[in-house]
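Breakdown of the fold
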Amino acid sequence: MTTITPSHRSTRPRARSSLTTLMAAAVLSLTSLSAVAATEMPPFPDVTGDVVKGDGNDYNIKFNIGLTQSSAQYRGLEYFKKIVEQRSDNHIKVQTFHSAQLGDDLQSVSALQAGTLDMTAPSTSPMVSMFPQFAVFDLPFLFPTPEIADKVLDGDIGQQMLKDASTKGLVAIGWSENGYRQLTNSEHAVTSPADLDGLKVRTMQNPIHLDIWRTLGANPTPMSFAELFTALEQGVVDGQENPWITIESSKFNEVQPYATETNHVYTPFITLVSERTWKRLPESYQQLLRDAAKQMGDYERHVSRVMNDQIKQELKDDGMKITELTPEQVAVFQKDLAPVYDDWREKIGGDLIDRIRAESKVDSK
Ligand code: KDG
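This is a predicted model, so every value here is computed, not measured.

1. Brief notes about the packing of aromatic side chains
- Scanning all chains against the criterion turns up 12 aromatic pairs.
- Each ring, one from phenylalanine 44 and one from tyrosine 299, has its centre 5.6 Å from the other, and the planes form 55 degrees; the classification is tilted. Separated by 255 residues along the polypeptide, phenylalanine 44 in the loop between α1 (19-38) and β1 (59-64) and tyrosine 299 in helix α10 (residues 283-317) bring together distant segments of the chain.
- Taking the relative accessible area as the measure of exposure, phenylalanine 44 reaches 26% and is therefore partly exposed.
- A ring pair is formed by phenylalanine 137 and tryptophan 175, whose centres lie 5.7 Å apart and whose planes are at 70 degrees; its orientation type is edge-to-face. Of this pair, phenylalanine 137 sits in the loop between β3 (119-120) and α4 (146-154) while tryptophan 175 sits in strand β4 (residues 170-180), and the two are 38 residues apart along the sequence. Each member of the pair, phenylalanine 137 together with tryptophan 175, is buried.
- Joined through ring pairs, the aromatic side chains of Phe131, Phe134, Phe137, Phe143, Trp175, Tyr180 and Tyr266 make up one cluster.
- Across the ring face of phenylalanine 44, the terminal group of arginine 75 is positioned such that the distance to the ring centre comes to 3.9 Å.

See below:
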């Protein structure tokens, strides 16, 4: 199977060549361990299902993501590895990589297309130039609840999107959860768009996210996730927005004293396989990867949701000043961002937006 030389790029700040750096690195690793220790990950579900008969060959799959080792996403990869290795009777070995060790989102997607990497699971946001329909997930306040997100992604709309994204050298086999995004910054508390005036906010490389923060009065800068911690630490940007679990697992709270619980966008992760890898696998193993991706997604969503509130409390206890918006304050953000739907309706497709919003109606009863 594919062999590639890990680039071992990390999202940690560039190590300085001094004793203090080594000590800082030691403290960081201890802190990250304590962070992982403090927030217990839910146990893996038992691996169910029979051993799958293959073609007698052995396969090695390299699966790379951008989030860190203590993220819910990486926990999901460890479960995926457990399922695939156990149900292939170890004829398929899965090597998992985190912190963009083998490249960031866009580099990993390119590596899948080239056949130099086997799997990755990026957010849909940086992929909208390849798949414009993914931009629907970047519309502000699209999904009122996580359960509605699941209903759309696991239903006809989400399954058709996986089929439509199985092209350009990629095979899309599942969804998992990045989650609801929260704003953090280094300057001051944010309770309304007026507080965002001129704030330099890093966004994913996605035109709707840029539009959102410009509309709110901030000064947005697109940037890969792998560069974000250093940019925050060096003050290149004042703020960023990510789910609570990413804020803690990537240690953004160490350089971002303020947070506002905006829940402004729900981002999914999409599980992708290189088409070159896929075509080498017997159909029985292709189905095994599909089944494992679904089980990984279900488990990872559970981990993400169980840990979300726990981690928000841990961040508060660690001294992060978290502003929890009132419904009236949220309504101001929603009102200010309503024009984004009109701006992007034609590009995304009004039918898709209308279908998702119809699915997203919260039962009044
Ligand atoms: O690989 C990590 C990214 O897919 C994910 O963190 C995207 O939320 C994201 C961000 O802010 O870049």
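2. Things to note about the site of the ligand
- Around the ligand sit Gly66, Leu67, Asp105, Pro122, Ser123, Asn178, Arg181, Arg202, Met204, Phe225, Asn242 and Phe269, and those are all the residues in its vicinity.
- Within the contact set of the ligand, an oxygen atom lies 3.1 Å away from a backbone nitrogen or oxygen of serine 123.
- Arginine 181 is positioned with one of its side-chain polar atoms (N or O) 2.9 Å from an oxygen atom of the ligand.
- Here the ligand loses 99% of its free accessible area of 330 Å² to cover by the protein chains.
- Grouping the constituent residues of the shell around the ligand by class yields 5 nonpolar, 4 polar and 3 charged.
- The two domains that each donate at least three residues to the shell around the ligand are domain 1 (2-177 + 269-309) and domain 2 (182-265 + 317-359).

Basis of the calculations
Throughout this description, residue numbers start from 1 for each chain and increase along the sequence as written. Only residues with pLDDT of 70 or above have their local features reported here, since the model is predicted, and side-chain atom pairs are shown and tallied only from 80 upward, although totals for entire chains, interfaces and linings are computed over all residues. As a rule here, side-chain values cover all heavy atoms of the structure and leave hydrogens and water aside. In this analysis, rings of Phe, Tyr and Trp, with Trp reduced to its six-membered ring, are considered paired at centre separations within 6.5 Å, and the interplanar angle assigns stacked below 30 degrees, edge-to-face beyond 60, and tilted for intermediate values. Only runs of H or I of at least four residues qualify as helices and only runs of E of at least two qualify as strands under DSSP, and these elements are numbered from the N terminus. For every residue, the accessible area (1.4 Å probe, protein chains only) is compared with the maximum for its type, and the residue is labelled buried under 20%, exposed over 50%, or partly exposed between those bounds. The criterion for a charge sitting over a ring is simple: Lys NZ or Arg CZ within 6 Å of the ring centre, and within 35 degrees of the ring normal. A single heavy atom is enough: if one lies within 4 Å of a molecule or strand, its residue is considered near that molecule or strand. Each polar contact in these results corresponds to two N or O atoms within 3.5 Å; when the atoms are within protein, one needs to be able to donate a hydrogen and the other to accept it, and residues that are neighboring in sequence are counted only if both atoms are side-chain atoms. Note on areas: Shrake-Rupley with a 1.4 Å probe; residue coverage comes only from the protein chains shown. Gly falls in the polar group here, along with every residue not listed as nonpolar (Ala, Val, Leu, Ile, Met, Phe, Trp, Tyr, Cys, Pro) or charged (Asp, Glu, Lys, Arg). Domain delimitation follows an automatic or database domain assignment.

Note that all results are geometric; they support no functional claim without further evidence.
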